Amino acid sequence: MTIRDQINDVLKKYPSLSISSDKGGYILSGEIIMDKSYNDIPLYENYHLKICIPEDFPVHIPAVFDTNDDVPPSFMHFMDDNSFCLGAHCDLRAFLEDQPLLAAFIDEIVMSYLYAVSFFKLYGAMPFGQRSHGIKGMIEAYQERYSTGENYKLLGHFLCIVVGALPYRGHHLCPCGSGKFLRNCHGPKVLHDLRSKYIDDYQRDADFILEELVKMIKRKEQEQIGKDDTSKKLLR
């Protein structure tokens, strides 16, 4: 299905949207109705959006903007260009790998964001929970993706495999200490990312996170040195 076919499907479902061409893709703009329920809480609200769709979708992910100040600044989930922060990049990429259709992206990803906005405006809280902003949120996303918890060294090990700094050896014991082979433990998700046609995306994320993890580990080491020095002084 071509991107134009996909856009036509979206226009049939959301007839209030209009299409225009843009450099490198298309723009869908207009009013869209969010009619969604979560945990038996139905919400209904109109939003005015601009959806910028790259010609090579789903290789590149659409950007979505509020055109009528329907989303309050206090919601805070925006990118630097004021587009919606629809989720961690790895989560969006994984969704599009499973469902590479524009209609599914709008129905699930965009509508979930709008539902969260409406819920926030009514109750002052997030319906699905939320991650931190920026690099901390990226780290949390990959901690969840690779099931590493707060074990930053384990996360770093898997990210080093993703960027190619370490080999993937599924027949070796998993570094988590479970006693299982990597392929029967944490390995499948890491191997999925290694084999993904979007490996460049996962590697960019991994490089960024690894740089931050090194800084975090150094900060912790310095903090520990400071504590040790304090303890020595107290024992004198």
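Residues numbered from 1 in each chain as written. Predicted model: local features only at pLDDT ≥ 70, side-chain atom pairs only at ≥ 80, totals over all residues. Heavy atoms only, no water.

Here we look at the confidence of the model for the protein chain
Quick note on the threshold: The predictor attaches a confidence to each residue, called pLDDT, with possible values from 0 through 100. Helix and strand assignments come from DSSP, with helices taken as H or I runs of at least 4 residues and strands as E runs of at least 2, each series counted from the N terminus.
For the protein chain, per-residue confidence averages 92 on the pLDDT scale, and residues scoring 70 or more make up 95% of the total. Least confident of the elements in the protein chain is helix H7 (residues 199-235), whose mean pLDDT is 80; most confident is strand E4 (residues 63-66), at 98.

Topic: helix H3 (residues 102-123)
One turn of an α-helix holds 3.6 residues; hence residues three or four places apart share an orientation. Cut-off, in case you're wondering: Helix span is expected to be 1.5 Å times the residue number reduced by one. Two axes are fitted around each residue, one to the seven residues ending there and one to the seven starting there, and the angle between them is reported as the bend at that residue. Exposure categories follow from relative accessible area, calculated using a 1.4 Å probe and restricted to protein chains: below 20% of the type maximum is buried, above 50% is exposed, and the middle band is partly exposed.
Given a rise of 1.5 Å per residue, 22 residues ought to cover 32 Å, and the 30 Å separating the end C-alpha atoms of H3 matches this to within 8%. At Met111, H3 is deflected by roughly 30 degrees, the largest bend along its length. Judged by how many residues are buried, H3 sits mostly within the fold: 17 of 22 residues are covered.

What to know about helix H6 (residues 187-195)
What counts, and what does not: The directions considered for the arc run from the helix axis to the C-beta atoms.
Listed as buried for H6 are Gly187, Val190 and Asp193. Within H6, the buried residues cover an arc of 130 degrees as seen down the axis, which keeps them to one side.

Considerations on the environment of Ile217
Here Ile217 is to be found in helix H7. Considering only alpha carbons, one finds Ile217 and Asn46, 171 residues apart in sequence, at a separation of 46 Å.

Brief notes about the nonpolar core
What counts is decided by this rule: The set of buried Ala, Val, Leu, Ile, Met, Phe, Trp, Tyr and Cys residues whose side-chain atoms join them within 4.5 Å is what this entry labels a nonpolar core. Whether two residues touch is decided by their heavy atoms; if any such pair falls within 4.5 Å, the residues are in contact.
Core analysis: the largest hydrophobic core is formed by 39 residues, its most contacted members being Leu28, Ile32, Leu49, Ile106 and Leu114. Sorting the residues of this core by element identifies helix H1 (3-13), strand E2 (25-38), strand E3 (41-54), helix H2 (89-98) and H3 as the ones contributing at least two each. For this core, the leading source of residues is H3, giving 14 residues. Those residues in contact with Ile32 that sit more than four places away from it in its chain are Tyr14, Leu17, Glu45, Asn46, Tyr47, Leu49, Ile106, Met111 and Leu114. Membership of the second largest hydrophobic core comes to 23 residues, among which are Leu155, Leu159, Cys174 and Ile209.

Topic: the packing of aromatic side chains
We describe a pair of aromatic rings using the distance from one ring centre to the other and the angle between the two ring planes. We count it as follows: Two rings from Phe, Tyr or Trp (for Trp, the six-membered ring) form a pair when their centres are within 6.5 Å of each other. A pair whose planes differ by under 30 degrees is stacked, one over 60 is edge-to-face, and the rest are tilted. Geometrically, a lysine NZ or arginine CZ counts as sitting over a ring once it is within 6 Å of the ring centre and also within 35 degrees of the ring normal.
With the rule as written, the count across this model stands at twelve aromatic pairs. Chaining the aromatic ring pairs together yields one cluster made of Tyr38, Tyr115, Phe119, Tyr123 and Phe128. Lys50 extends its terminal NZ or CZ atom over the ring of Phe65, reaching a point 5.0 Å from the ring centre. Between Arg93 and the ring centre of Tyr198, over which it is positioned, the NZ or CZ distance is 3.9 Å.

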